[in-house]
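Here is what each chain is made of, one letter per residue.
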Amino acid sequence: MQQQDNILTDTLGRKHNYLRISLTEKCNLRCTYCMPSEGVQLSPRQHLMNADEIYNIAKVFVANGVDKIRLTGGEPLVRKDFSEILERLSTLNTTLSITTNGILVDRFLDDFKTYGLNNINVSLDTLNEEKFNHITRRDQFTKAYNNIHLLIENGFKVKLNVVLIKGFNDNEITDFIKLTKDLPISIRFIEFMPFDGNNWNKSKLVTQHEILEQTTHYFGANQLIKLQNEQNFTSRDYKIIGYKGEFGIISSVSNPFCDGCNRIRLTANGKIKNCLFSNNETDILTALRNQESIENYIAKAIYKKLPVRGGMDSFESFNDPKKHSKNRSMITIGG
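Residues numbered from 1 in each chain as written. Predicted model: local features only at pLDDT ≥ 70, side-chain atom pairs only at ≥ 80, totals over all residues. Heavy atoms only, no water.

### Here we look at helix H9 (residues 295–303)
Within H9, the full set of buried residues consists of Glu-295, Ile-298, Ala-301 and Ile-302. Projected onto a plane normal to the axis of H9, the buried residues spread over an arc of 125° and lie on a single side. Relative to its buried face, H9 has exposed residues pointing more than 90 degrees away, namely Lys-300 and Tyr-303. Close packing links the buried residues of H9 with helix H1 (51–63), strand S10 (263–266), strand S11 (271–273) and strand S12 (282–283). (Buried < 20%, exposed > 50% of the residue type's maximum accessible area, 1.4 Å probe, protein only. Helix = DSSP H or I, 4+ residues; strand = E, 2+ residues; numbered from the N terminus. Arc of directions from axis to C-beta. Contact = heavy atoms within 4.5 Å.)

### Some thoughts on the pairing of strand S5 (residues 157–164)
Of all eight residues in S5, seven are buried; the element is thus mostly enclosed. Sheet topology places strand S4 (residues 119–123) next to S5; five bridges connect them, and they run parallel. By the bridge assignment for S5, Asn-119 is matched with Lys-157. In this fold, the crossover linking S5 to strand S6 (residues 186–191) by way of helix H6 (residues 173–179) has right-handed handedness. (Pairing = 2+ DSSP bridges. Right-handed = clockwise from strand over helix to strand, strands pointing away.)

### Here's the deal with the pattern of salt bridges
Evaluated as defined, the whole model comprises nine salt bridges. The partner of Arg-14 in a salt bridge is Asp-10, and the shortest N-O contact between them spans 2.6 Å. Each member of the pair Arg-14 and Asp-10 is classed as buried. Here Glu-210 makes a salt bridge to Lys-166, at a shortest N to O gap of 2.6 Å. With Glu-210 in helix H7 (residues 208–219) and Lys-166 in the loop between S5 and H6, this pair connects stretches of sequence that are 44 residues apart. Accessibility expressed as a relative area gives 24% for Glu-210, which makes it partly exposed. (Salt bridge = Lys/Arg side-chain N within 4 Å of Asp/Glu carboxyl O.)

### Regarding the environment of Thr-142
Considering the arrangement of structural elements, one finds Thr-142 in helix H5 (residues 141–153). Residue Thr-142 is classed as partly exposed on the basis of its relative accessible area of 43%. Separated by 10 residues in the primary sequence, Thr-142 and Phe-132 place their C-alpha atoms 9.8 Å from one another.

### Here's the deal with H7
The end-to-end C-alpha distance of H7 is 16 Å, a good match for the 16 Å that 12 residues give at a rise of 1.5 Å each. Turning to H7, its buried residues are Gln-208, Ile-211, Leu-212, Thr-215 and Phe-219. Within H7, the buried residues cover an arc of 90° as seen down the axis, which keeps them to one side. Turned more than 90 degrees away from the buried face of H7 sit His-209 and His-217, all of them exposed. For H7, the elements touching its buried residues are S5, H6, S6, strand S7 (224–226), strand S8 (236–240) and strand S9 (246–250). Once H7 ends, the next one or two residues include Gly-220, with phi positive near 100°. (Expected span 1.5 Å × (residues − 1).)

### Details of the sheet that holds S6
With mixed pairing, 12 strands are arranged side by side in an open sheet as S7-S8-S9-S6-S5-S4-S3-S2-S1-S10-S11-S12. With one partner strand each, in any of the chains shown, S7 and S12 form the two edges of the open sheet. Sheet topology places strand S1 (residues 18–22) next to strand S2 (residues 68–72); five bridges connect them, and they run parallel. If you follow Leu-19 over to S2, its bridge partner there is Ile-69. Lying over the sheet, H7 contacts S5, S6, S7, S8 and S9, oriented at roughly 10° with respect to S8. (Axes fitted to C-alpha atoms, helices over the stretch in contact; angles between N-to-C directions.)

### Considering the state of the cysteines
Going through the model one piece at a time under the given rule, you end up with zero disulfides. Cys-275 supplies the cysteine sulfur nearest to Cys-258, a cysteine that is in no disulfide, at a spacing of 6.2 Å. (Disulfide = S-S within 2.5 Å.)

Here is the structure:
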């Protein structure tokens, strides 16, 4: 395939080398910030990408400059052909990673090792079993927590994704950071973001300022080290002096990082979302099935990417539900 220059570069010069592929809209949990209480309308099976289509689409992206692919969902490990998909993607010249709730990872450790998937983000929003059952609507805390330790013991690079919601788990910030004293992990505190059906409002937000204020009050300002941000960072990273691990803050709402964004999302039903917050989608699966070249569709999607958060260019704009109520629920976008 002949590479076409610049189809992954937008009008602001942002180069998109990071593709996040949602493998499924299904999940074995029902997290309140991700899935509406009444559930979601899942795409018919025939509308979802099969293993061949996932591979062929990914191959086009890699040929045009993508060098990092993250597998998401829903819960990607509930997909019955996950191992086949992972094996095929491992033949591409790209780094592979995954975001999972951790409940099924013990079944796939050998696959992860065989196919070079070393970077694993596990979603865990509380260290309290009762709270876990409340927010996930499932009794799986022990399984998830034990599997996190299993991943660490097997040498995987583990990050814990913690969505903070004021009045629910913001009193656990220091408890999570204390995990990094003896464990070589990264805790990533993520601001609660608005999606269809998750009852977002500003009062539930825990900002970067509040996280750092709580952290310095507990550990002492002189014990906190600010780490250098990675290129195209989403997380502003810190660590406590003498601790093995670190923690970061992903402040998509109060302190966004859009100017360096290099990510593009592919939903399980084959649509490109050029921004997590955008209502607009570009269907490339239909084009692929019609044996059309999908490069033009990709280029158009990248070209239409707005400067900041799908057009929500101010903190106040999040208070207007019309700005985000037409977006999908998080489970059908992909983490």
